[in-house]
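# Descriptive structure summary
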Amino acid sequence: MSECVVLVRQARPEDQDARVTLVRLGLAEYNFPAFLYFFLQEVMLQFVLLCCAVLFIFFSTPLWICVLPGPALAIVTYIGCTCVHIELGHKHKRVGFSKVRDEWVGFVAELRGPLVHEPHGVMPYVVSELDADFAPVTPTRILGTVSLSALWGPADGLWLHDLTVHPQWRGRGLGGALLQASWQWALRGSGLAEGAMVEALVSRLQGSAAALLHEQGWQTRGSYRRPAGAGTALPVLRLSRILEAT
């Protein structure tokens, strides 16, 4: 197994386009899972069955036409999920991380040295910005990103969001390294006192992200159902970690 060097460092303005591309790529991966989740919710299936029954019983519509509302609703649901994710990606591109989320600081995982076109079988040697002397100085590609913003509400704290790693580079420790860099900055560079909270929201569709956060000491503090229209809702977990030196 070959090795390459990945440097985790603070994001710079010139990283904006690469970070937006990663976020949009990550959002696009949820198009089909989101479609399945919303289309198979009970209220959607009841609507399809009701349409079929009305057409068949009251209008004597042929059976093959009665089943058409199902595929039609499936197409509309998939297009709706895709459009929402596309709009979120475009919003990042139009106004940038600093405005769309009031970002305090961002971090990126940057491949250094020769460009690896096929990452299969490549194990990255991940170093932090403090160890940059160990990495070649030539940057080549942004492989992951994460953001920290001010926590909404009166309490002091931070909100972690937009944690994304390129699909071809997942499972190699980059997500964990980005989380660790964010945590160290929250402890030493944010100016917040110990006891402040760092929070994150993770939807039911983001099981791998929730598992990674739990591995790094985050705790589930609650959950809620985020309305998604047409009587549907998406379960969301609220995770947090208290700022304290370990």
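Residues numbered from 1 in each chain as written. Predicted model: local features only at pLDDT ≥ 70, side-chain atom pairs only at ≥ 80, totals over all residues. Heavy atoms only, no water.

### A closer look at empty space enclosed by the protein
- This model, assessed by the stated rule, comprises 1 cavity of 30 Å³ or more.
- The volume enclosed by the largest cavity comes to roughly 30 Å³.
- The wall of the largest cavity is formed by Leu 148, Leu 160, Leu 179, Ser 182, Trp 183, Ala 186, Val 198 and Trp 218.
- In terms of residue count, the dominant contributor to the lining of the largest cavity is helix α7 (residues 174-188) (4 residues). (1 Å grid on protein atoms, 1.4 Å probe; cavity = no way out; pocket = protein on both sides within 12 Å on 5 of 7 lines; lining within 4 Å. Points joined across faces, edges and corners; volume = space filled by probe spheres on them. Helix = DSSP H or I, 4+ residues; strand = E, 2+ residues; numbered from the N terminus.)

### Digging into the environment of Phe 32
- Mapped onto the secondary structure, Phe 32 falls in helix α2 (residues 31-39).
- Given a relative accessible area of 46%, Phe 32 falls into the partly exposed group.
- Counting along the chain gives 49 residues from Phe 32 to Cys 81, while the straight-line C-alpha distance between them is 8.2 Å. (Buried < 20%, exposed > 50% of the residue type's maximum accessible area, 1.4 Å probe, protein only.)

### A closer look at the environment of Glu 29
- With respect to the helices, strands and loops of the structure, Glu 29 is situated in the loop between α1 (16-28) and α2.
- You can call Glu 29 partly exposed: its relative accessible area is 37%.
- Considering only alpha carbons, one finds Glu 29 and Thr 82, 53 residues apart in sequence, at a separation of 9.7 Å.
- Excluding its chain neighbours within four sequence positions, the residues that come into contact with Glu 29 are Pro 167 and Arg 170. (Contact = heavy atoms within 4.5 Å.)

### Details of a nonpolar patch on the surface
- Taken together, Leu 50, Val 54, Phe 56, Ile 57, Phe 58, Phe 59, Leu 63 and Val 67 make up a surface patch of nonpolar side chains, about 870 Å² in accessible area.
- In terms of residue count, helix α3 (residues 42-58) provides more of the nonpolar patch than any other element does, 5 residues in total.
- Residue classification places Phe 58 among the exposed positions, given a relative accessible area of 64%. (Patch = residues over 30% accessible without salt bridge, like charges linked within 9 Å, V, L, I, M, F, W, Y side chains within 5 Å. Areas by Shrake-Rupley, 256 points an atom, 1.4 Å probe, with all protein chains shown as cover. Salt bridge = Lys/Arg side-chain N within 4 Å of Asp/Glu carboxyl O.)

### Thoughts on the nonpolar core
- Judged by nonpolar contacts, the single largest core of 33 residues is most densely connected at Leu 160 and Val 198.
- For this core, the elements supplying multiple residues, two or more each, are β1 (2-10), β2 (103-112), β4 (139-150), β5 (157-165), α7, β6 (197-203) and α8 (207-215).
- In terms of residue count, α7 provides more of this core than any other element does, 8 residues in total.
- Ignoring anything within four residues of it in the chain, the contact list for Leu 160 reads Val 146, Ser 147, Leu 148, Leu 179, Ser 182, Val 198, Glu 199, Ala 200 and Trp 218.
- Grouped together as the second largest cluster of nonpolar side chains are 6 residues, Phe 35, Val 48, Leu 73 and Ala 74 included. (Core = buried A, V, L, I, M, F, W, Y, C linked by side-chain atoms within 4.5 Å.)

### Side note on the packing of aromatic side chains
- All chains considered together, the criterion is met by 0 aromatic pairs.
- In this structure, Arg 172 is placed above the aromatic ring of Trp 169, and the distance from its NZ or CZ to the ring centre is 5.6 Å.
- The ring of Trp 183 carries Arg 241 above its face, with NZ or CZ at 3.9 Å from the centroid. (Phe/Tyr/Trp six-rings, centres within 6.5 Å; stacked < 30°, edge-to-face > 60°. Lys NZ or Arg CZ within 6 Å of the ring centre and 35° of its normal.)

### Side note on α1
- Across its 13 residues, α1 extends 18 Å between first and last C-alpha, which sits within 8% of the 18 Å expected from 1.5 Å per residue.
- Considered for burial, the residues of α1 that qualify are Arg 19, Val 20, Leu 22, Val 23, Gly 26 and Leu 27. Burial along α1 is one-sided: seen end-on, the buried residues are contained in an arc of 160°. Residues of α1 that are exposed and point over 90 degrees away from its buried face: Asp 17 and Thr 21. (Expected span 1.5 Å × (residues − 1). Arc of directions from axis to C-beta.)

### Things to note about the UniProt feature "transmembrane region" (unreviewed entry) in the protein
- According to UniProt, the positions carrying the feature "transmembrane region" (unreviewed entry) are residues 47-65 and 71-89.
- Regarding residues 47-65, the helix share stands at 79% and the strand share at 0%, and the terminal C-alpha atoms are separated by 16 Å. (UniProt positions renumbered as here; feature names shortened; annotations may be inferred.)

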